[in-house]
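# Understanding the architecture of this molecule
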Amino acid sequence: MNSRDLHGIGMTSQRTRRRLVQRLEDEGIKNQDVLNIMSTTPRHLFVDEAMSHRAYEDISLPIGRGQTISQPYIVARMTEILLEAGSCNRILEIGTGSGFQTAILAQLFDKVYSIERIKALQDKARKQLMTLRLMNVEYRYGDGGEGWSEKSPFDAIIVTAAPPVLPRMLMQQLADGGHMVVPVGAVDGKQNLCLIQRVGDDFEKHILESVRFVPLLGGALE
Ligand code: SAH
């Protein structure tokens, strides 16, 4: 990749990114590590070229196959919640999508495991992370609702699509003391961002804020 692709021009410039980070701070993101990584990660490379002029607005954007790249605020918020909750070792991500959230996690956690049910999206995301030399990620194509038991337990789990109810199978793959952030609720209704902490065989739940995500769907697609 040449430096023009990486650093961007015009709407994708460093100044535009700094404006986004200022907005994230205004919206309440406080963790400096998260803010720094958000300012240096080229989000325009994770959206279609036709959309790249909007990549540093605080909005979700279409990435094909009816899916979206999450809004920067929610990426930053979910990451901050997990970092402040505990350890930064092994994290499981459900819904690789564009790979932007994966790229943020890969720079803050030792090892990221990421599952996606649409193979074409994951292949594209994997290539983009390779280009950015983010190598501490293992990818799996399949139904993330089942988790990744061979690699469990995880210190943290982030779910970037909304299940209708708490995903019990995933909760079982948390380490003792581990945390999960997950949007829970109906597709058209109100979803709540929940923080789950595992304490032995018990799970403590906190409701954080209302959110809007695409649904967590069953099964894997080509
Ligand atoms: N973090 C991604 C979010 C993408 S949207 C980004 O910012 O780009 C949510 C993603 O979850 C979609 O790519 C969708 O295909 C995926 N998804 C939905 N249900 C899933 C499931 N059961 N297992 C794995 N991925 C799933």
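Below: a short report on this structure. Bear in mind the structure is a predicted one, so any value in this text is a computation, not a measurement.

With that settled, consider the overall build of the chain. Helix and strand counts for the chain stand at seven helices and nine strands. Taken over C-alpha atoms, the radius of gyration comes to 16 Å for the chain, in line with the 17 Å a tight globule of 222 residues would show. For the chain, the spread of C-alpha atoms along the three principal axes comes to 50 × 40 × 35 Å. Here the chain holds 222 residues, and the buried ones make up 52% of them. Taking the contacts inside the chain whose residues are at least 6 apart along the sequence as the reference set, 56% of them involve residues at least 24 apart. Total accessible area on the chain stands at roughly 10,400 Å², and carbon and sulfur atoms take up 49% of it.

Another point: the packing of aromatic side chains. With the rule as written, the count across this model stands at three aromatic pairs. Ring centres of Tyr-113 and Trp-148 lie 5.5 Å apart, and the angle between their planes is 80°; this geometry places the pair in the edge-to-face category. Taken together, the residues span a long stretch of sequence, with Tyr-113 in strand S4 (residues 111-116) and Trp-148 in the loop between strand S5 (137-141) and strand S6 (154-159) at a distance of 35 residues. With respect to class, Tyr-113 is no different from Trp-148; both count as buried. Connected via pairs of aromatic rings, a cluster forms that spans Tyr-113, Trp-148 and Phe-154. Over the ring of Phe-100 we find Arg-43; its NZ or CZ atom is 5.8 Å from the centre of that ring.

The ligand sits among 24 residues. The nearest are Ser-98, Glu-116, Asp-143, Gly-144 and Leu-217. Here a nitrogen atom of the ligand and a backbone polar atom of Gly-95 are 3.4 Å apart. Arg-117 is positioned such that a nitrogen or oxygen atom in its backbone is 3.3 Å from a nitrogen atom of the ligand. Relative to its unbound accessible surface of 570 Å², the ligand loses 99% to contact with the protein. Secondary-structure elements contributing two or more residues to the shell around the ligand are strand S2 (67-69) and S4. Per-element tally for the shell around the ligand: the top contributor is S2, with three residues. Class assignment for the residues of the shell around the ligand results in nine nonpolar, 12 polar and three charged.

Conventions used here
- Residues numbered from 1 in each chain as written.
- Predicted model: local features only at pLDDT ≥ 70, side-chain atom pairs only at ≥ 80, totals over all residues.
- Heavy atoms only, no water.
- Helix = DSSP H or I, 4+ residues; strand = E, 2+ residues; numbered from the N terminus.
- Rg over C-alpha atoms; globule rule 2.2 N^0.38 Å.
- Buried < 20%, exposed > 50% of the residue type's maximum accessible area, 1.4 Å probe, protein only.
- Contact = heavy atoms within 4.5 Å.
- Areas by Shrake-Rupley, 256 points an atom, 1.4 Å probe, with all protein chains shown as cover.
- Phe/Tyr/Trp six-rings, centres within 6.5 Å; stacked < 30°, edge-to-face > 60°.
- Lys NZ or Arg CZ within 6 Å of the ring centre and 35° of its normal.
- Near = heavy atom within 4 Å.
- Polar contact = N/O pair within 3.5 Å; in protein donor to acceptor, adjacent residues only side chain to side chain.
- Nonpolar A, V, L, I, M, F, W, Y, C, P; charged D, E, K, R; others polar.

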